[in-house]
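Architecture at a glance
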Amino acid sequence: MREVSIGTREYDIDLEKLMTRRLLQCGEQPVLFYIDGEERRIILNTDSEREFTAWITATAQIMLRDLAHFEMARLINRLPLSLEQKKAVLPEAVREVRLLKIDKHVCELLRGYYDECSHINLEGFLRFRLQDVLDSWALSVDSAVEELLLKDEYMELMDTLKAYIDTAPPKMREISVILHPDGSCTLTDESDTRIDCESCSDESVISLLIGLAPEHVIVYDLTCGTATLLPEALKRIFADRVSFFS
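Within any chain, residue numbers begin from 1 and follow the written order of that chain's sequence. Selection of residues for local features in this predicted model requires a pLDDT of at least 70, selection of side-chain atom pairs for listing and counting requires 80 or more, and totals for whole chains, interfaces and linings are taken over all residues. With hydrogens and water stripped out, all remaining heavy atoms of the structure feed into the side-chain values.

**Focus on the overall build of the protein**
This is how it is decided: Secondary structure is summarised from DSSP: a helix means a run of H or I of at least four residues, a strand means a run of E of at least two, and numbering begins at the N terminus for each. Exposure classes here rest on a 1.4 Å probe applied to the protein chains alone. A residue is buried below 20% of its type maximum, exposed above 50%, and partly exposed in between. Every residue pair with non-hydrogen atoms within 4.5 Å of one another is taken to be in contact. Reported accessibility uses the Shrake-Rupley method at a 1.4 Å probe radius. Residues are deemed covered only where the shown protein chains occlude them.
Looking only at helices and strands, one finds eight helices and nine strands in the protein. For the protein, the C-alpha atoms occupy an extent of roughly 80 × 35 × 30 Å along the three principal directions. Considering the protein as a whole, with its 246 residues, one finds that 40% of them fall into the buried category. Long-range contacts, defined as pairs at least 24 residues apart, comprise 72% of the intrachain contacts of the protein with a sequence gap of at least 6. When the accessible area of the protein is evaluated, it comes to approximately 13900 Å², of which 53% is carbon and sulfur surface.

As structure tokens, then:
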């Protein structure tokens, strides 16, 4: 009978629940028991190589998926950002991590470690054996922060454009903007004049609308939420003069 375990002194997580969920995803449900103490620990006793392999895969998933939230939150918390900015950065950084596949190399490292020891401390293994993973999470955080700051600058520009629109007299009554799933958009006015923007940037569409200076803008978003920043930018610029339908 082989006995192996994982535990943590740092992460406030329900290891038994996490491991059960991850093992079910692997098609296994070995008997676990929970040990109270300074280090929260769960243990697997098995004679099955298949169960042991599933345990290793599930442990890798716990570290590379579930603990990523904690580690990236720790990195973000150190940054000179507002609380609202930190809340916005974390899900974006986590989203990048979810796109990563489980690294077989991590499973190999776990198996090799279990050949020497029966217990793995999760935070210790991450920080001493998986520094490359921590580095990739830091890059994901940096990328999410950069995107957030660029978006904030973009929206500040939209606020400036709003100030201009608020003082400029309308040139026409109404324009409809249809956002298509392929990223293109179509503009029509009350006389059914049509402008197709197949490869226009958001900035080009915004510039066109500002030049036309409509009294009211109606946006039909057919992208199922996959549109770029254009809807948010139009809301910033035209405020109560824009209506959205999806």
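**Section: the pattern of salt bridges**
The condition is simple: A side-chain nitrogen of Lys or Arg and a carboxyl oxygen of Asp or Glu constitute a salt bridge if their distance falls within 4 Å.
Inspection of every chain in the model, using the stated rule, returns nine salt bridges. Of the charged contacts in the structure, one is a salt bridge between arginine 74 and glutamate 71, with a shortest N-O distance of 2.4 Å. Of this pair, arginine 74 and glutamate 71 both sit in helix α2 (residues 49-77), three residues apart, roughly one helical turn. The partly exposed category is assigned to arginine 74, whose relative accessible area is 30%. Classification of glutamate 71 by relative accessible area gives buried; the value is 1%.

**Remarks on the confidence of the model for the protein**
Definition in use: pLDDT measures how confident the predictor is about each residue, on a scale from 0 to 100.
Across the protein, the average pLDDT comes to 84, with 93% of residues at or above 70. Looking across the protein, the model is least confident in strand β2 (residues 32-35), with a mean pLDDT of 70, and most confident in strand β4 (residues 119-121), with 94.

**Digging into the environment of arginine 241**
To keep things clear, this is the line we draw: Pairs of N or O atoms are called polar contacts if they sit within 3.5 Å, as long as, within protein, a hydrogen donor faces a hydrogen acceptor (for residues adjacent in sequence, only side-chain-to-side-chain pairs).
Relative to the helices and strands, arginine 241 is located in the loop between α8 (230-238) and β9 (242-245). A relative accessible area of 17% means that arginine 241 is categorised as buried. For the pair formed by arginine 241 and glutamate 215, sequence separation is 26 residues and the distance between their alpha carbons is 6.7 Å. When neighbours within four sequence positions are excluded, arginine 241 is seen to be in contact with Ile165, Pro214, Glu215, His216 and Val217. Among the polar contacts listed, one links the side chain of arginine 241 to the backbone oxygen of glutamate 215, at a separation of 3.3 Å.

**Overview of the environment of threonine 186**
Mapped onto the fold, threonine 186 is located in strand β6 (residues 185-189). The exposure class assigned to threonine 186 is buried, which follows from its relative accessible area of 2%. Each C-alpha atom, one on threonine 186 and one on serine 176, is 8.0 Å from the other, the two residues being ten residues apart in sequence. Contact partners of threonine 186, with chain neighbours within four places excluded, come to Ser176, Val177, Ile178, His180, Arg194, Ile195 and Asp196. Within the structure, threonine 186 has its side chain in polar contact with the side chain of aspartate 196 (distance 3.1 Å).

**Quick look at the sheet that holds strand β7 (residues 194-197)**
For the record, the criterion: Whether two strands pair depends on DSSP finding at least two bridges between them. Think of each axis as a best-fit line through the C-alpha atoms, taken over the contacting stretch in the case of a helix, with angles from 0 to 180 degrees between the N-to-C directions.
With mixed pairing, five strands are arranged side by side in an open sheet as β7-β6-β5-β8-β9. Two strands bound the open sheet, and with one partner strand each, they are β7 and β9. The sheet shows a mean angle of 15° between the axes of neighbouring strands, direction not considered. Across four bridges, the pairing between β6 and β7 is antiparallel. The residue bridging threonine 188 from the neighbouring strand is arginine 194, located in β7. Of the strands in this sheet, β5 (172-179), β8 (214-221) and β9 touch α8, which is tilted by about 150° from β9.

**Brief notes about a negative patch on the surface**
Rules: Distance thresholds for patches are 9 Å for like charges and 5 Å for nonpolar side chains (Val, Leu, Ile, Met, Phe, Trp, Tyr), applied to residues having over 30% relative accessible area and no salt bridge. Neither His nor the chain ends contribute to the count of charged residues, in which Lys and Arg are positive and Asp and Glu negative. Where a charge sits is defined by one atom per residue type, namely NZ (Lys), CZ (Arg), CG (Asp) or CD (Glu).
Judged by side-chain charge, Glu96, Asp142, Glu146 and Glu147 come together as a negatively charged surface patch. With three residues, helix α6 (residues 131-167) is the single largest residue contributor to the negative patch. Locating glutamate 146 in the fold gives a position in helix α6.

**Quick notes on the packing of aromatic side chains**
Rule in force here: Only Phe, Tyr and Trp rings take part, Trp by its six-membered ring, and two of them pair if their centres are within 6.5 Å. Stacked means planes under 30 degrees apart, edge-to-face means over 60, and tilted covers everything else. Working rule: Lys NZ or Arg CZ, within 6 Å of ring centre, within 35 degrees of ring normal, means a charge sits over the ring.
Taken as a whole, this structure holds four aromatic pairs when the rule is applied. Arranged with centres 5.6 Å apart and planes meeting at 90°, the rings of tyrosine 113 and phenylalanine 125 form a pair that is edge-to-face. Of this pair, tyrosine 113 sits in helix α4 (residues 104-114) while phenylalanine 125 sits in helix α5 (residues 122-129), and the two are twelve residues apart along the sequence. We note arginine 2 situated over the ring of phenylalanine 52; from NZ or CZ to the ring centre the distance is 4.0 Å.

**What to know about the side chain of threonine 59**
Note that threonine 59 resides in helix α2. Overall, the relative accessible area of 0% leaves threonine 59 in the buried class. A distance of 2.8 Å separates the side chain of threonine 59 from the backbone oxygen of tryptophan 55, its partner in a polar contact. Other than its neighbours up to four places away in sequence, threonine 59 contacts Ile6, Met19, Leu110 and Leu122.

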